[in-house]
Amino acid sequence: MEHFTGNWRWTFVAGSLAPMLLIIYTLHASHKSLHTKAEFSAEKHKANRKKNFYPQLFLAVMLSLAVAAEIMVSSRLALYMQKIWNYDMEASSLYVTFFFICMMLGRLLFALVHFEKSPRFLLSSSLLLTAASILAGVFIHPLFLAGSGFMIAPFYPLCITWISSEFPEDLDTAVSYMMATDSLMLIVMHLSVGKLTDI
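Residues numbered from 1 in each chain as written. Predicted model: local features only at pLDDT ≥ 70, side-chain atom pairs only at ≥ 80, totals over all residues. Heavy atoms only, no water.

Tell me about the overall build of the protein, residues and numbers included.
Summing up its helical and strand segments, the protein has nine helices and zero strands in all. Element order for the protein, N to C, with α for helix and β for strand: α-α-α-α-α-α-α-α-α. When each of the 199 residues of the protein is scored for burial, the buried share is 29%. When contacts within the protein are restricted to residue pairs at least 6 apart in sequence, long-range pairs at least 24 apart make up 73% of them. Accessible surface computed for the protein: about 13,500 Å², of which carbon and sulfur atoms make up 71%. (Helix = DSSP H or I, 4+ residues; strand = E, 2+ residues; numbered from the N terminus. Buried < 20%, exposed > 50% of the residue type's maximum accessible area, 1.4 Å probe, protein only. Contact = heavy atoms within 4.5 Å. Areas by Shrake-Rupley, 256 points an atom, 1.4 Å probe, with all protein chains shown as cover.)

In structure tokens form, the structure reads like this:
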């Protein structure tokens, strides 16, 4: 992109145009229902928060673990290829590209194909296959690490969809738990993986 713009700053400006256009598009009158606030009493909200605390916290922790695994692989894969497999910078960066290509293909698959299985089954399968792929990448061949992007790809959007359907009247609380546990898990992941990398 920098080749066309001549300046890396313009590359970032060009990259920001897509989300800006999406924001403008959501303001169109046909999307008015998306901006309508749900109506329910404060008492009901408080009761739902107490009743749904543990299920929401469990889902938040599961989601934060998946996000941490996704970021761990994508941020450390190039370094792993350089240290363990003696790849140069260009070749190791190619594996990170493969990871994100696999992730894009995985999300496109779930966007285009409707699976009859329950969200719980799909989420569990995604986690198990991701764990198996990461283990295979460590003990068999690093291409499996890149392939883990395909396995983990549907987890985040599926989890958001499931939470939205399970807790429609308490979604703000569920999302708050998710954001908080995401932040905490990412801090723990970067500290622990950083320490292990230094050993």
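So that's the structure; there's more coming.
Can you explain the packing of aromatic side chains? Please cite residues and give values.
Under the defined criterion, the tally for this structure stands at six aromatic pairs. The interplanar angle of 85 degrees and the centroid separation of 5.6 Å between the aromatic rings of phenylalanine 53 and tyrosine 177 together place this pair among those described as edge-to-face. With phenylalanine 53 in helix H4 (residues 53–84) and tyrosine 177 in helix H9 (residues 171–198), the pair connects residues that are 124 residues apart, well separated along the chain. An aromatic cluster is present here, built from Phe53, Tyr54 and Tyr177 joined pairwise through their rings. Directly above the aromatic system of phenylalanine 121 lies the positively charged group of lysine 117, at a separation of 5.2 Å from the ring centroid. (Phe/Tyr/Trp six-rings, centres within 6.5 Å; stacked < 30°, edge-to-face > 60°. Lys NZ or Arg CZ within 6 Å of the ring centre and 35° of its normal.)

Outline the nonpolar core, supporting the account with residue identities and numerical values.
With 28 residues, the main nonpolar core has Leu59, Leu63, Leu77, Leu123, Phe155, Cys159 and Ile163 as its most contacted residues. Every element with two or more residues in this core is listed here: H4, helix H5 (89–112), helix H6 (119–139), helix H7 (143–152), helix H8 (155–166) and H9. At nine residues, the largest contribution of residues to this core is made by H4. Residues contacting leucine 59, with those up to four places away along its chain left out, are Cys159, Trp162, Ile163 and Phe167. (Core = buried A, V, L, I, M, F, W, Y, C linked by side-chain atoms within 4.5 Å.)

Tell me about the pattern of salt bridges, residues and numbers included.
Where side chains of opposite charge bring their charged atoms close, a pairing between them can arise. Per the counting criterion, the structure on display carries one salt bridge. For arginine 107, the salt bridge is made with glutamate 70, and the minimal N-O distance between the two is 3.8 Å. Of this pair, arginine 107 sits in helix H5 while glutamate 70 sits in helix H4; the two residues are 37 residues apart in sequence, bridging distant segments of the chain. On the basis of relative accessible area, arginine 107 is assigned to the partly exposed category, the value being 31%. Given the relative accessible area of 17%, glutamate 70 is considered buried. (Salt bridge = Lys/Arg side-chain N within 4 Å of Asp/Glu carboxyl O.)

An account of the environment of methionine 103 is requested, with residue identities and associated values reported.
The topology assignment puts methionine 103 in helix H5. For methionine 103, the contacting residues outside a window of four places in its chain are Glu70, Gly149, Phe150, Ile152 and Ala153.

Describe in detail helix H2 (residues 8–26), supporting the description with residues and values.
The terminal C-alpha atoms of H2 lie 29 Å apart, and with 19 residues this matches the ideal 27 Å at 1.5 Å per residue to within 8%. Residue leucine 17 marks the point of greatest curvature in H2, where the axis turns by about 30 degrees; the proline proline 19 follows within four residues. (Expected span 1.5 Å × (residues − 1). Bend = angle between axes of the 7 residues up to and from the residue.)

For a nonpolar patch on the surface, give the residues involved together with the corresponding values.
Residues Leu94, Phe98, Ile101, Met104, Leu105, Leu108, Leu109, Leu112, Val113, Phe115, Leu143 and Phe150 make up a contiguous nonpolar surface patch of about 1,000 Å² in total accessible area. The biggest single contributor to the nonpolar patch is H5, with eight residues. Looking at where phenylalanine 150 falls in the secondary structure, it is placed in helix H7. Taking the relative accessible area as the measure of exposure, phenylalanine 150 reaches 34% and is therefore partly exposed. (Patch = residues over 30% accessible without salt bridge, like charges linked within 9 Å, V, L, I, M, F, W, Y side chains within 5 Å.)

Give a description of the environment of threonine 181 that names residues and reports values.
Structurally, threonine 181 can be placed in helix H9. Note on threonine 181: relative accessible area 13%, which makes it buried. Aside from chain neighbours lying at most four places away, what touches threonine 181 is Leu57, Ala60, Val61 and Ser64. Among the polar contacts listed, one links the side chain of threonine 181 to the backbone oxygen of alanine 60, at a separation of 3.2 Å. A polar atom in the side chain of threonine 181 sits 3.1 Å from the backbone oxygen of methionine 178. (Polar contact = N/O pair within 3.5 Å; in protein donor to acceptor, adjacent residues only side chain to side chain.)

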